[in-house]
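# Descriptive analysis of the structure
For reference, the chains in residue letters:
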Amino acid sequence: MPIEPLPSTGISKVLGLCEILDDHQGKEDVYRLAQDLHMPFGELLLVIKGAEMLGMVETPGGDAVLTPLGKRALESSMNEKKALLRQAMLKLKVFQHVLKLLENAQENEVPAEVILEELAVLLPQEQPRQLFTTLLNWGRYGEIFGYSRDTDQFYLQKPEKTP
Amino acid sequence: MPAIIELEHITKIYPRPEGESQILADVSLEVMDGEVLAVVGPSGCGKSTLLRIIHGLIPPSAGVVRFAGRAQDGINLSCGMVFQSFALLPWLTVEQNVMVGLEARGLDDETCRKRAMKYIDKVGLDGNEEAYPRELSGGMKQRVGLARALAVEPKVLLMDEPFSALDALTSINLREELIDLWGDPALPVDTIVIVTHLIEEAVELADRIVVLASNPGRIVESIKVELPRPRERKSPEFSALVDRVFSLIV
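Predicted model only: the values in this text are computed from it and were never measured. (Residues numbered from 1 in each chain as written. Chains lettered and ligands numbered in written order. Predicted model: local features only at pLDDT ≥ 70, side-chain atom pairs only at ≥ 80, totals over all residues. Heavy atoms only, no water.)

### Re the overall build of chain B
Within chain B, the secondary structure is distributed over seven helices and ten strands. Whereas a compact globule of 250 residues would reach a radius of gyration of roughly 18 Å, chain B reaches 18 Å, a difference of no more than 12%. Judged by the C-alpha coordinates and their principal axes, chain B covers about 45 × 45 × 40 Å. Going through the 250 residues of chain B one by one, you find that 55% of them count as buried. Long-range pairs, those at least 24 residues apart, make up 69% of the contacts in chain B with a sequence separation of at least 6. For chain B, the distance from the average site of its 26 positive side-chain charges to the average site of its 37 negative ones is 2 Å. (Helix = DSSP H or I, 4+ residues; strand = E, 2+ residues; numbered from the N terminus. Rg over C-alpha atoms; globule rule 2.2 N^0.38 Å. Buried < 20%, exposed > 50% of the residue type's maximum accessible area, 1.4 Å probe, protein only. Contact = heavy atoms within 4.5 Å. Lys, Arg positive; Asp, Glu negative; His and termini not counted. Charge placed at Lys NZ, Arg CZ, Asp CG, Glu CD.)

### Some thoughts on the sheet that holds strand β2 (residues 57-58) of chain A
Strand pairing in a sheet is mediated by backbone hydrogen bonds. Such pairs are either parallel or antiparallel. All names here are of chain A. Read from one edge of the open sheet, three strands run β1-β3-β2, paired in antiparallel fashion. Each end of this open sheet is capped by a strand with a single partner; those strands are β1 (27-29) and β2. Inspection of the sheet shows β2 paired to strand β3 (residues 63-66) by two bridges, in the antiparallel sense. If you follow Val57 over to β3, its bridge partner there is Leu66. Packed on one face of the sheet, helix α2 (residues 30-37) meets β1 and β3 and runs near 85 degrees to β1. (Pairing = 2+ DSSP bridges. Axes fitted to C-alpha atoms, helices over the stretch in contact; angles between N-to-C directions.)

### A few points about the environment of Tyr141 of chain A
Residues and elements named next belong to chain A. By secondary structure assignment, the location of Tyr141 is in helix α8 (residues 128-141). The exposure class assigned to Tyr141 is buried, which follows from its relative accessible area of 0%. C-alpha of Tyr141 to C-alpha of Pro7: the two residues are 134 residues apart in sequence and 15 Å apart in space.

### What to know about the packing of aromatic side chains
Residue and element names in this part refer to chain A. Under the criterion given, the structure shown has seven aromatic pairs over all chains. Seen from their ring centres, Tyr31 and Phe41 are 4.4 Å apart, and the 5 degrees between their planes marks the pair as stacked. Pair noted here: Tyr31 is in helix α2 and Phe41 is in helix α3 (residues 41-53), with a separation of ten residues, a long-range link. A relative accessible area of 57% means that Tyr31 is categorised as exposed. Exposure remark for Phe41: the relative accessible area of 28% places this residue in the partly exposed category. A centroid spacing of 5.0 Å and a plane angle of 40 degrees characterise the contact between Phe145 and Phe154, whose relative ring orientation is tilted. Here Phe145 falls in the buried class, since its relative accessible area comes to 0%. Taking relative accessible area as the criterion, Phe154 reaches 0% and is therefore assigned buried. Three or more aromatic residues joined by ring pairs make a cluster, and in this case those are Phe95, Phe132, Trp138, Phe145, Tyr147 and Phe154. The ring centre of Phe132 lies 5.6 Å from the NZ or CZ of Arg129, which sits over that ring. (Phe/Tyr/Trp six-rings, centres within 6.5 Å; stacked < 30°, edge-to-face > 60°. Lys NZ or Arg CZ within 6 Å of the ring centre and 35° of its normal.)

### A closer look at helix α4 (residues 138-151) of chain B
Residue and element names in this part refer to chain B. The first and last C-alpha atoms of α4 sit 20 Å apart over 14 residues, in line with the 20 Å expected at 1.5 Å per residue. By the criterion of burial, α4 is predominantly enclosed, with twelve of the 14 residues buried. Every buried residue of α4 is accounted for by Gly139, Met140, Gln142, Arg143, Val144, Gly145, Leu146, Ala147, Arg148, Ala149, Leu150 and Ala151. Downstream of α4 by one or two residues, Glu153 has phi in the positive range, about 50 degrees. (Expected span 1.5 Å × (residues − 1).)

### Quick word on the interface of chain B and chain A
Contact residues are listed per partner, giving 28 residues for chain B and 31 residues for chain A. Both faces combined, the contact of chain B with chain A buries some 2,700 Å², and carbon together with sulfur accounts for 49% of it. On the chain B side of the contact with chain A, Glu130, Glu135 and Leu169 of chain B bury the most area, a combined 24% of that side's loss. Our enumeration of links across chain B and chain A arrives at six salt bridges. Between the two partners, chain B and chain A, sit ten residue pairs in polar contact (both at pLDDT 80 or more). Those elements that provide at least two residues to the side of chain B that touches chain A are α3 (109-122), α4 and α5 (168-182) of chain B. Among the elements that line the side of chain B that touches chain A, the one with the most residues is α5 of chain B, at seven residues. Here the residues of the side of chain B that touches chain A are counted per class, giving nine nonpolar, five polar and 14 charged. (Buried area = accessible area lost by both parts, 1.4 Å probe. Salt bridge = Lys/Arg side-chain N within 4 Å of Asp/Glu carboxyl O. Polar contact = N/O pair within 3.5 Å; in protein donor to acceptor, adjacent residues only side chain to side chain. Nonpolar A, V, L, I, M, F, W, Y, C, P; charged D, E, K, R; others polar.)

### A look at a nonpolar patch on the surface
Residues and elements named next belong to chain B. Side chains of Leu57, Ile75 and Leu77 sit close together on the surface and give an oily, nonpolar patch of about 290 Å² of accessible area. Among the secondary structure elements, Leu57 is positioned in the loop between α1 (47-55) and β4 (62-67). When its relative accessible area of 39% is taken as the criterion, Leu57 is described as partly exposed. (Patch = residues over 30% accessible without salt bridge, like charges linked within 9 Å, V, L, I, M, F, W, Y side chains within 5 Å. Areas by Shrake-Rupley, 256 points an atom, 1.4 Å probe, with all protein chains shown as cover.)

### What about unusual backbone geometry?
Glycine aside, residues mostly have negative phi, and peptide bonds are mostly found in the trans state. With omega at -5 degrees, the peptide bond leading from Asn215 of chain B into Pro216 of chain B counts as cis. Relative to the helices and strands, Pro216 of chain B resides in the loop between β9 (208-213) and β10 (218-224). A cis amide bond links Arg229 of chain B with the next residue in sequence, Pro230 of chain B, at an omega value of -5 degrees. The topology assignment puts Pro230 of chain B in the loop between β10 and α7 (236-249). Phi at Glu107 of chain A is positive, roughly 60 degrees, even though this residue is not glycine. Within the fold, Glu107 of chain A resides in the loop between α6 (93-104) and β4 (109-111).

Pasting the structure below:
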């Protein structure tokens, strides 16, 4: 299966979409949703695509439908929600690829430039910088990997225990 | 439920070259311990000014603010504030932004760091500790604002149009998460005062809605919201209440 690019959207929007669908008994026409939300249709499509890739929404025949996983995420605590999304992200090839890269790197760190080059090679039709930003934002939310602007290094996330 | 905050005959007047401008006129209000109170009203009705007077950031021209029965003088350290514009320091990371308010209260480095990490976790920001504000979406920036306000472990959380700068989907998500945090018994904050011009937001979040009129700002009605939580945004009762509040504002 080819590597699919991540749509340029955020996890908060994906979760907000799930909330809205839940308000509509789990299902709504995509056009009507865009009108209700006063949101550009193209932007909403990116959110729906993101939610679909994470398994939280399905899109049969012009509708957006909340999946059991999406419903479960809404009912979960913050940390459970993050764990669910982490698992969903790790099913995506682009995350698997970057994760492998980091696992095999010395001290599990690689320069951001390497990730950008990898993305450009893997997905030549996409804007690597935009994809990098989405990958980083999703990966940070899922606590899969982190990035330090100070060192310009991508690194494997080691979740810190909090009291 | 006792009152945690009491405003007695609050008036605020600003001097202007063309004469005095009265922002608030004789506002008396009680905020009950443990409630979510929304203050709604048209632009310029003084709702943000009222919030800053509650926090002690600006003094009233006349009237008294009491907190837990005591007259307030200066900034109330039992309150945390969340701003519409996020008010983050761009040269600091997420973790450092959350620690700023703690350092200002004289806590040692280790306590500051532990406390910051606890609230970064609570608002779902873990993984972003090293990020700078410019790397974050609006929703994530406001999570930092929320973590910073919660980290000082306030009794009362004051929120000034916290979701107005966000898109509809992000703000729905954050509103849900705010109510989850408010219901979290592990957090010291149990009272929220939120200023908003979005009536749906007020009906979704609040136990009580205070409606202000403008020129000058004054209370026209206080409405108890008795809809069960979680609120059904599409229910006829929800819509009826939105309509009622709307009719008081226009």
